[in-house]
Amino acid sequence: MAFTIDIHHHILPNFFWEATNEQSGPVGGIAPARWSTDAAISFMDDAGIDVAITSISTPGVHLGDDAAAGALARRCNEFSAELIQKYPLRFGGFACLPLPDVEGSLQEVAYALDVLKLDGVVLFSNARGVYLGDRRFAPLFQELQRRATVVFVHPTTSPDTAFHQLGLPDSLLDFPVDTSRAIANLHYSNTFARTPNVKYIFSHAGGTIPYVATRFGIVDEMKVIEGAEERGLTADTLRRLYWDTALSWKDPVLQMLRSVVGIGQVLYGSDFPYLRRDLAVRSRVELEATAELIEAERAGILGSNTLRLLPRLAAKFRSVGSPHRPSPRAHESE
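Residues numbered from 1 in each chain as written. Predicted model: local features only at pLDDT ≥ 70, side-chain atom pairs only at ≥ 80, totals over all residues. Heavy atoms only, no water.

Draft legend 1. A look at helix H14 (residues 311-320). For H14, the complete set of buried residues consists of Leu313, Ala314 and Phe317. Looking straight down H14, one finds that the buried residues subtend no more than 100° of arc, so they occupy a single side. Facing away from the buried side of H14 by over 90 degrees, the exposed positions are Pro311, Arg318 and Ser319. Those residues of H14 hidden inside the fold are in contact with strand S1 (5-10), strand S2 (51-55) and helix H13 (295-309). (Buried < 20%, exposed > 50% of the residue type's maximum accessible area, 1.4 Å probe, protein only. Helix = DSSP H or I, 4+ residues; strand = E, 2+ residues; numbered from the N terminus. Arc of directions from axis to C-beta. Contact = heavy atoms within 4.5 Å.)

See below:
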């Protein structure tokens, strides 16, 4: 089996879940299986996943109070760092930030990346209704650009009150559409153009973006939105972003990604524990088996594309030899 890194793997420690979700009405509308470190490692072993890059999930840490959000972000990030310290060949981690508190987020970036040595940051498609390309967030993106940070973007509930009257779980349509809003906002605010060193990864194959990319191209040709000289063509921008396969691993999606963004920009993600365990295992198995990919492409999606983005993890594997699968149920630190 190919060496595999799961770029979209959630940690839901009890203190985070209790602070942000209600079991009877979880954010997103689908309650995940109860999370624990043992459950995560067991899933990884069953699915053939060597390394999981962890992140918290929706709704993030900011529920309206800057101080509380900062404290919860710090606790989550230290939890992630402790997990990596205990299992250095099984886990990496993306730091969460208390957006829309920009100053608090800048402080947490410094602590999480310089002190905890985490692998990047997770941002949500909007921060309490403010989208990522908003000028208020410019100081944060300038710092992420300076650091050439890996930025994993995950959807959250949109501020679109009309949508929430449909009686559907947000994860069905609202999440992919909000990811698409975030990408459009980052592109047309010229944030992507101003942060060429940031490595952006978008969840769920970018929501609807691969499907509607032609519409973006038409807007480019018609010069509808100002700032085109700075940002360039949408088609070029999409081919420098990264896209994960969480909930999006089937052949028709792979074909679209190949056409629109290039298969070398695609990374494996499971969405554990939100995706039911047997389906999450199947996502890895089916990517291993699909005839849509040649072997080099398969190895890239499952692991090597991601390893190029994560220098700490790459260095760790260089120090112990070539990437290998830890023995099943590898619970001891190495």
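Draft legend 2. Expanded view of the sheet that holds strand S10 (residues 266-267). In spatial order, the strands read S1-S2-S3-S4-S7-S8-S9-S10; together these eight strands make up an open sheet with parallel pairing. At either end of the open sheet lies a strand with only one pairing partner, and these are S1 and S10. When S2 meets strand S3 (residues 91-96), the two strands line up parallel, connected through three bridges. Each residue of the ladder has a partner; that of Ala52, found in S3, is Phe91. (Pairing = 2+ DSSP bridges.)

Draft legend 3. Focus on the environment of Gly227. With respect to the secondary-structure elements, Gly227 resides in the loop between helix H8 (209-222) and helix H9 (228-231). When the C-alpha positions of Gly227 and Lys250 are compared, they lie 36 Å apart, and in sequence the two are 23 residues distant.

Draft legend 4. Expanded view of the packing of helix H3 (residues 66-86) against helix H4 (residues 102-115). Viewed as axis vectors pointing N to C, H3 and H4 meet at an angle of 15°, and their least axial separation amounts to 11 Å. Compared by their axis directions, H3 and H4 come out roughly parallel. For the element pair H3 and H4, the recorded crossing hand is right-handed. Of the residues in H4, those in contact with Ala73, Arg74, Asn77 and Glu78 of H3 are Glu108, Tyr111 and Ala112. (Axes fitted to C-alpha atoms, helices over the stretch in contact; angles between N-to-C directions. Parallel < 35°, antiparallel > 145°, perpendicular 65-115°, else oblique. Left-handed = near helix turned anticlockwise from the far one by under 90°.)

Draft legend 5. A look at the packing of aromatic side chains. In total, this model carries eleven aromatic pairs according to the counting rule given. Taking the ring centre of Tyr111 as reference, the NZ or CZ of Arg74 above it sits at 3.7 Å. Of note, Arg75 hangs over the ring of Phe15, and the distance from its end group to the ring centre comes to 4.0 Å. (Phe/Tyr/Trp six-rings, centres within 6.5 Å; stacked < 30°, edge-to-face > 60°. Lys NZ or Arg CZ within 6 Å of the ring centre and 35° of its normal.)

Draft legend 6. Broad picture of the environment of Pro169. With respect to the helices, strands and loops of the structure, Pro169 is situated in the loop between strand S7 (150-154) and helix H6 (174-188). Given a relative accessible area of 31%, Pro169 falls into the partly exposed group. Spatially, the C-alpha atom of Pro169 lies 4.5 Å from that of Gly29, the residues being 140 residues apart in sequence. Ignoring any residue separated from it by four or fewer positions in sequence, one finds Pro169 in contact with Gly28 and Gly29.

Draft legend 7. Up close: the pattern of salt bridges. In total, this model carries 17 salt bridges according to the counting rule given. A salt bridge links Asp178 to Arg181, with the nearest nitrogen and oxygen atoms 3.0 Å apart. One end of the pair is Asp178 and the other is Arg181, both in helix H6 and three residues apart, which spans about a single turn. Relative accessible area serves as the criterion here: at 0%, Asp178 is assigned to the buried category. Given a relative accessible area of 29%, Arg181 falls into the partly exposed group. Here Arg258 and Glu297 are joined by a salt bridge, their closest N and O atoms 2.7 Å apart. Of this pair, Arg258 sits in helix H11 (residues 251-260) while Glu297 sits in helix H13, and the two are 39 residues apart along the sequence. (Salt bridge = Lys/Arg side-chain N within 4 Å of Asp/Glu carboxyl O.)

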